[in-house]
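# Inside the fold
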Amino acid sequence: MTHSLHREGTIDSLEKDYALFIYPARGFNYEGSEPKLRRLAELLYTQSPANMIVSSLRRNLYSGVPREEILASIKDGAKIYCVFNSREQLKKALIRIKEMNEGISVMVSGLIDRVREIASEVGLNPHTINLSLGIQGRTDRIPPSDIRQFTTMCGHGMVSPKLVRDVIRRIKAGKLDFWEGSVILAGPCSCGIYNPARSQELLKDLVPLYTVNRL
Amino acid sequence: MLIRKDICVGCGRCHPYCPAEAISFEELKSAVDQEKCYECGTCLRSQICPVEAIEESPNVYEYPRALRKYFSDPNATNALTGIAGRVTEESKTNDVTNRVGPGQVGIAIEVGRPTIGMDLTDVQKITRAMAKAGITAIEPENPFNDLIQDHKTGDLKPELMSERVLSAIMEIKVERSQLLYPSYAERGGQRSAKRLLRGCHYPPRTGVDDSRRSASDHSGRRIYLASQCQKQPGPG
């Protein structure tokens, strides 16, 4: 399973949000995967992802760590996580990945109908499909849906609802702009699929709806 | 995690970063509630502390507290599986490993996310229910196997009952023919696995304007899609 399945939002918003993972499989193509992963990471950097992390260093695109340092950190078994803003960008990346044919598992997560369309357009037949059956049980204990649009962008749940509210408060106070706030929210996400561009759009919609009692 | 009181200046910058909301003020200094903290390390990784007062707890890698770390910090490598994160590589590499083959369905039941975490006593309720339903075979490499004392009853090891983690995932694999419970089929008619894979696993809602459903419906982005998709003409 992948927790990118739990991303929430309107259709319009989710149409600008596609996560892509590259995973070597332990015991199968793990050993000797380093050069293949490095080539794939280099390729993805050229495809304008909205965010990207290599598991061997866990520093996202906005951390200030030079790309060369991130690429140099790649070793056997590293995983690559990235997120795209549009289906066209994802499609271009998939075409290039298909051409490279490195034999490493590639997983795409997004609106299932769009992903199926993209796969069909680039001539790929999905091997395995993951679906989420939603959240069951005491859903009254989870944060409200407008906040979950942000927190679920980090699959591991590292973006705290309190941080989202804090960023909203600081934007309203004029201490941050929308992009700066989005980059702060992307910071705790160590899986690198927090989409700051989508987050920026969400903040623009959400900030006017909030009032703050402490500036 | 812990915050050294002799260094902390009480600025409170670390408070919003904690997904467990375990950091609060105590006598004008920040302190971590050790019961609430699930050792995800977000406060430390964020490097937000201006005086570097945040540290790992000294007992964070001692059993059973270490489970908090392994099941909550995506950067921690589980000592049992050698894999970073909470579970196995599951279906992400299924095209290579073929763990879930044709005619089979892999199921992952997760407790704790998004964000709120849970006590392992909550997980035990689910493992007991699974055992009662005859599901006792969790994926062999899933680290959750090691937490179960008795697979027949679903009881977890008693020393774990006080532990709290961000999430735990139970992975099982069933034949597609085993997927449906009779009561489910009786209630909704023949809702086959094929329909499930199309995303229409809940009965269609009536009297609801689908175009107005939004993020507030947490129960299914996929459900929304399926109904939405039928309304839109396909490409070409």
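Keep in mind that what you see is a predicted model, and the values were worked out from it rather than measured.

With that out of the way, let us pick up the overall build of chain B. Of regular secondary structure, chain B possesses seven helices and ten strands. Sorting the 236 residues of chain B into buried and exposed places 35% on the buried side. Excluding contacts between residues fewer than 6 apart, the proportion of contacts in chain B whose partners are at least 24 apart in sequence is 63%.

Residues and elements named next belong to chain A. Contact geometry of helix α2 (residues 34-45) with helix α4 (residues 87-100) gives a least axis separation of 10 Å together with a crossing angle of 155°. With respect to α4, the element α2 is oriented roughly antiparallel. The hand of the α2/α4 crossing is right-handed. Of α4, the residues touching α2 (which contributes R39, L40, L43 and L44) are A93, R96, I97 and M100. Broken down by class, the residue content of the contact of α2 with α4 amounts to six nonpolar, no polar and two charged.

With that settled, consider the packing of helix α7 (residues 161-172) of chain A against helix α8 (residues 178-186) of chain A. Residue and element names in this part refer to chain A. Orientation of α7 relative to α8, taken along the N-to-C sense of each, is 160°, at an axis distance of 10 Å. Relative to α8, the element α7 lies roughly antiparallel. As α7 packs across α8, the resulting crossing turns out to be right-handed. Each of L163, V164, V167, R170 and I171 in α7 lies in contact with α8, whose residues at this interface are F178, G181, I184 and L185. Here the contact of α7 with α8 is built from residues that sort into seven nonpolar, one polar and one charged.

Turning to the sheet that holds strand β3 (residues 80-84) of chain A, a few remarks are in order. Sheet strands pair by backbone hydrogen bonding; their relative direction is either parallel or antiparallel. Residue and element names in this part refer to chain A. An order of β2-β3-β1-β4 is seen for the four strands of this open sheet, with the pairing classed as antiparallel. Single-partner strands in this sheet number two, and they are β2 (51-54) and β4 (105-109). Each strand axis lies, on average, 10° off the axis of its neighbour in the sheet, ignoring direction. Taken together, the five bridges between strand β1 (residues 18-23) and β4 define a ladder with antiparallel strand orientation. Bridging from a neighbouring strand, Y23 pairs with S105 of β4. Against the sheet, α4 engages β1, β3 and β4, with an angle of about 20° to β1.

Residues and elements named next belong to chain A. Entries for chain A in the domain assignment read domain 1 (3-121) and domain 2 (142-209). On a C-alpha basis, the centroid separation for the pair domain 1 and domain 2 is 22 Å. Taken together, the contacts link 21 residues of domain 1 with 20 residues of domain 2. Elements with a contribution of two residues or more to the side of domain 1 that touches domain 2: β2 and β3. Among the residues forming the side of domain 1 that touches domain 2, the class breakdown is eight nonpolar, eight polar and five charged.

The subject of this paragraph is the nonpolar core. Residue and element names in this part refer to chain A. Counting residues in hydrophobic clusters, the biggest one holds 90 residues, and the most contacted among them are L20, I80, V159 and L185. Here the element with the most residues in this core is β1; it accounts for six residues. For I80, the contacting residues outside a window of four places in its chain are I22, L37, L40, A41, L44 and V54.

Basis of the calculations
- Residues numbered from 1 in each chain as written.
- Chains lettered and ligands numbered in written order.
- Predicted model: local features only at pLDDT ≥ 70, side-chain atom pairs only at ≥ 80, totals over all residues.
- Helix = DSSP H or I, 4+ residues; strand = E, 2+ residues; numbered from the N terminus.
- Buried ≥ 20, exposed ≤ 12 C-beta atoms within 10 Å, placed from the backbone.
- Contact = placed C-beta atoms within 7 Å.
- Axes fitted to C-alpha atoms, helices over the stretch in contact; angles between N-to-C directions.
- Parallel < 35°, antiparallel > 145°, perpendicular 65-115°, else oblique.
- Left-handed = near helix turned anticlockwise from the far one by under 90°.
- Nonpolar A, V, L, I, M, F, W, Y, C, P; charged D, E, K, R; others polar.
- Pairing = 2+ DSSP bridges.
- Domains from an automatic or database assignment.
- Core = buried A, V, L, I, M, F, W, Y, C linked by C-beta atoms within 7 Å.

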